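Chain and residue survey
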Amino acid sequence: MDIQLNGSTRLYFVVGHPIVQVKSPEGVTMELLKKDLNAIVIPADVAPEHFPNFVQQNLYLNNSDGLIVTVPHKILALNCCQKLTSRAQFIGAVNTIRRCKEGWEGDMLDGKGMVQAIRNKLIELKDKRAILAGAGGAGKAIAYELLLAEVAELAIFDVDQTRQQQLVEQLQQLGKGKVVAHNNDPTGFDVVVNATPMGMNGDPSAAFQLEKITAQMSVADVVTSPENTPFIQHASTLGCNAVKGTDMFIEVRDLMIAYLLEKEQEQQDVA
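Everything in this summary refers to the structure shown in the same document. Per-chain numbering applies: the sequence of each chain, read as written, is numbered from 1 onward. Where local features are concerned, this predicted model is filtered to residues with pLDDT of at least 70; where side-chain atom pairs are given and counted, the filter is 80 or more; whole-chain, interface and lining totals use all residues. Hydrogens and waters are ignored; side-chain quantities use all the structure's heavy atoms.

1. Focus: the state of the cysteines
A covalent bond between the sulfur atoms of two cysteines is referred to as a disulfide. Inclusion rule: Cysteine sulfur atoms that pair up within 2.5 Å are treated as a disulfide. A 1.4 Å probe rolled over the protein chains alone gives each residue an accessible area, and that area as a share of the maximum for its type sets the label: buried under 20%, exposed over 50%, partly exposed in between.
According to the stated counting rule, one finds zero disulfides in the structure shown. C81 carries a free sulfur, and the closest cysteine sulfur to it, the one in C80, is 6.7 Å from it. Judged by its relative accessible area of 12%, C81 falls in the buried class.

Structure representation (structure tokens):
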């Protein structure tokens, strides 16, 4: 499959800062080509202070159909959209933006993708105890979907205790399961999820106390580069059922494509 570059090419941007770690440009572009679409995904390294202006300017680029948002812009992106899905509105973060009648519409698909990746590994969530590190955009999304998946208890850890407590109180409003603030000790939990950047790009650290991980636990990580973070490496050595960031990426990628193209198809139908 050859990439076309001509006046009919539709553009999508992956926006982050830094951007070197993302796999979306190639992965999403290849999936679009498989659908016989003349479209490409372009990485855009945009600093936070310029992000709102970048999103706004893309509205004026008539052949730009959407944006994929990554670290650290997911929470900031919320206020850059004229319309939000109910999921994005509750979570308070956005990772995918598409054109709509009002301008830009945003959704947050990280959590749904992670839960699907967990289920693909035949990891049971219903009535289980889960602990999640990270109360940022991805963490909020994953926490939300874990509760919808009916975990019995969800413990939240974040080094920013104010942000940690705010997320706990927000999630408690769902009335779905017990939600508590916790430290980074995973003892006693069935599912251990990292939604922080720790372990990314050669970082030797991990969000959890690795010596407390046991073989009976299932683990999951959002980090895609490297594929085997210190967290995943340690858990895999113990024999844990492990979900890598790349496993999550595949699921999120497919959800993002479906979301981006849904509106595009509606526009073609109207035409």
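2. A word on the sheet that holds strand β12 (residues 241-243)
To keep it simple, the criterion reads: One bridge is not enough; two strands pair if DSSP finds at least two bridges between them. Only DSSP runs of H or I covering at least 4 residues are called helices, and only runs of E covering at least 2 are called strands; the numbering of each starts at the N terminus. Axis geometry follows a simple rule: fit a line to the C-alpha atoms, using only the stretch in contact for helices, then measure angles between N-to-C directions, giving values from 0 to 180 degrees. Contact definition: two residues touch when any of their heavy atoms are within 4.5 Å.
The parallel open sheet is built from six strands, whose spatial order is β9-β8-β7-β10-β11-β12. Single-partner strands in this sheet number two, and they are β9 (178-181) and β12. Strand-to-strand, the axes of this sheet are offset by a mean angle of 15°, without reference to chain direction. Bridge count between strand β7 (residues 129-133) and strand β8 (residues 153-157): five bridges; the pairing is parallel. Paired with L132 across the strands is I156, a residue of β8. Taken strand by strand, helix α5 (residues 137-148) contacts β7, β8, β9 and β10 (191-194), and its axis lies near 170° from that of β8. Its contacts with the sheet place helix α6 (residues 161-172) against β8 and β9, and it is angled at close to 170° to β9.

3. Some thoughts on the sheet that holds strand β6 (residues 103-107)
Strand order across the open sheet formed by six strands is β2-β1-β3-β5-β6-β4, with mixed pairing between neighbours. Only two strands of the sheet have a single neighbouring strand rather than two, namely β2 (39-45) and β4 (83-84). Of the pairings in the sheet, the one linking β4 to β6 comprises two bridges and is parallel in character. Its bridge partner being in β6, K83 is matched across the sheet by E105.

4. Thoughts on the packing of aromatic side chains
What counts here: Stacked, tilted and edge-to-face are the three classes applied to pairs of Phe, Tyr and Trp rings, where Trp contributes its six-membered ring and a pair requires centres within 6.5 Å; stacked means planes under 30 degrees apart, edge-to-face means over 60, and tilted covers the rest.
Under the criterion given, the structure shown has three aromatic pairs. Arranged with centres 5.7 Å apart and planes meeting at 90°, the rings of F13 and F54 form a pair that is edge-to-face. Separated by 41 residues along the polypeptide, F13 in strand β1 (residues 10-16) and F54 in helix α2 (residues 51-58) bring together distant segments of the chain. Note on accessibility: F13 and F54 belong to one class, buried. Judged by centre distance (5.7 Å) and plane angle (40°), the ring pair of F208 and F231 falls under tilted.

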